[in-house]
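Here are the chains, one letter per residue:
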Amino acid sequence: VNAASSGASSPAAGLQPALGPGCSIEASTASAVNAASSGGASSPAAAVSVIVGTSRMMAEDKTLPRRISDMVNGAYGPWRHRRLSEAEPCECLAMGDTGMRANRALHLARTKEGALLGCCSSTVQPPWTGSGCGHWGLMVVDVAAQGTGVGSALVRAAEERLRAAGCREVQIEYEYTAGDPASERLMQWYETRLGFSGGGRHSLRPGQTDFRRLRR
């Protein structure tokens, strides 16, 4: 399930070459809020750097894995189960060491000063998609950075990497709960602004859930 940003502008068309370890893109932020947000007004535009995480970054900053797990779990909110342990970011960061050869990588969004704003994983060939279909997930924006376009910058970076690796399609999944404001924002962002489709339409009563699997 993705804790993605909603209410943001779509990623720009024409994806650029993939990001290798330590490389970054500069993205002018737009309006975005993630699944845990309350939907406030957007913040002033600011530059966001999105990089592929590596074990070297973890060695240079011992607090990085804990800060990633705290950010992920905080974005899901106290009413959700704990999403990520402190050990899991270590494994994700190490995957980025092989650069373009990595099947999975963890993208980190940061300010120019290095403050952690969000994360997103991208996988070139997951076991649950067909050949040529990549995947991004674990889309989380720090609660304090919601409404600043961090989610859009992360999507751009993830899809640039997947396209450069030869992916022709991208798949995402999320859990939708009818009548839940956060779920409604996710559906609007994923299926309207970003243009993902394939989940179908189901008549659900308030509180009923639907696990949606989408592609574009």
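Structural data are supplied above this passage.
As the structure is a prediction and not an experimental result, all values here were calculated from the model.

## What to know about the environment of Val 170
Mapped onto the secondary structure, Val 170 falls in strand S8 (residues 169-177). Judged by relative accessible area, Val 170 falls into the buried class, the value being 4%. For the pair formed by Val 170 and Thr 129, sequence separation is 41 residues and the distance between their alpha carbons is 9.2 Å. When residues no more than four places from it in sequence are discounted, the contact partners of Val 170 are Cys 133, Gly 134, His 135, Trp 136, Glu 159, Leu 162, Phe 196, Leu 214, Arg 215 and Arg 216.

## Side note on the layout of surface pockets
Its boundaries defined by the atoms lining it, the largest pocket holds a volume of some 280 Å³. Lining the largest pocket are 20 residues, with Arg 83, Arg 104, Ser 121, Trp 128 and Leu 138 sitting closest to its centre. Elements with a minimum of two residues in the lining of the largest pocket: helix H3 (87-95), strand S6 (116-123) and strand S7 (133-141). Of the residues that constitute the lining of the largest pocket, the class distribution is 8 nonpolar, 7 polar and 5 charged.

## Describing the packing of helix H2 (residues 64-76) against H3
At a minimum axis separation of 8 Å, H2 and H3 run at an interaxial angle of 115°. Between H2 and H3, the crossing angle belongs to the class labelled roughly perpendicular. As for the relative orientation of H2 and H3, their crossing is right-handed in sense. Facing H2, whose interface residues are Leu 64, Pro 65, Ile 68 and Ser 69, H3 presents Pro 89, Cys 90 and Leu 93. Its residues placed into classes, the contact of H2 with H3 shows 6 nonpolar, 1 polar and no charged.

## Some words on the environment of Thr 129
By the element assignment, Thr 129 lies in the loop between S6 and S7. A sequence separation of 42 residues divides Thr 129 from Gln 171, and the C-alpha atoms of the two residues are 7.7 Å apart. Setting aside residues up to four positions removed in sequence, Thr 129 forms contacts with Gln 171 and Arg 215. In this structure the side chain of Thr 129 is engaged in a polar contact, spanning 2.8 Å, whose partner is the backbone oxygen of Cys 133.

## Some remarks on helix H4 (residues 150-164)
In this model, H4 (15 residues) spans 21 Å end to end at C-alpha, consistent with the 21 Å of a helix rising 1.5 Å per residue. Burial of H4 is extensive: 13 of the 15 residues sit out of reach of the surface.

## Some words on the pairing of S6
Among the 8 residues of S6, 8 are classified as buried, and the element is accordingly described as predominantly covered. As paired strands, S6 and S7 are joined by 5 bridges and run antiparallel to one another. Pairing of Thr 123 across the sheet is with His 135, part of S7.

## Here's the deal with the pattern of salt bridges
Following the criterion strictly, the structure yields 7 salt bridges and no others. Put simply, Glu 159 and Arg 216 hold a salt bridge, and the shortest N to O gap is 2.4 Å. Highlighted residues: Glu 159 in helix H4 and Arg 216 in the segment after strand S9 (209-215), separated in sequence by 57 residues. Residue Glu 159 is classed as buried on the basis of its relative accessible area, which comes to 3%. Across the salt bridge formed by Asp 210 and Arg 212, the nearest N and O atoms sit 2.9 Å from each other. Among the residues examined, Arg 212 registers a relative accessible area of 3% and is labelled buried. Here the salt bridges do not stand alone but share partners, grouping Glu 191, Asp 210 and Arg 212 into one network.

## Observations concerning the side chain of His 135
Of note, His 135 is situated in strand S7. With a relative accessible area of 7%, His 135 lands in the buried category. Here the side chain of His 135 touches Glu 173 through a polar contact of 2.8 Å, side chain to side chain. Sequence-distant contacts of His 135, that is, excluding residues within four places in its chain, are made with Ser 121, Ser 122, Thr 123, Pro 126, Trp 128, Leu 162, Val 170, Gln 171, Ile 172 and Glu 173.

What counts as what
- Residues numbered from 1 in each chain as written.
- Predicted model: local features only at pLDDT ≥ 70, side-chain atom pairs only at ≥ 80, totals over all residues.
- Heavy atoms only, no water.
- Helix = DSSP H or I, 4+ residues; strand = E, 2+ residues; numbered from the N terminus.
- Buried < 20%, exposed > 50% of the residue type's maximum accessible area, 1.4 Å probe, protein only.
- Contact = heavy atoms within 4.5 Å.
- 1 Å grid on protein atoms, 1.4 Å probe; cavity = no way out; pocket = protein on both sides within 12 Å on 5 of 7 lines; lining within 4 Å.
- Points joined across faces, edges and corners; volume = space filled by probe spheres on them.
- Nonpolar A, V, L, I, M, F, W, Y, C, P; charged D, E, K, R; others polar.
- Axes fitted to C-alpha atoms, helices over the stretch in contact; angles between N-to-C directions.
- Parallel < 35°, antiparallel > 145°, perpendicular 65-115°, else oblique.
- Left-handed = near helix turned anticlockwise from the far one by under 90°.
- Polar contact = N/O pair within 3.5 Å; in protein donor to acceptor, adjacent residues only side chain to side chain.
- Expected span 1.5 Å × (residues − 1).
- Pairing = 2+ DSSP bridges.
- Salt bridge = Lys/Arg side-chain N within 4 Å of Asp/Glu carboxyl O.

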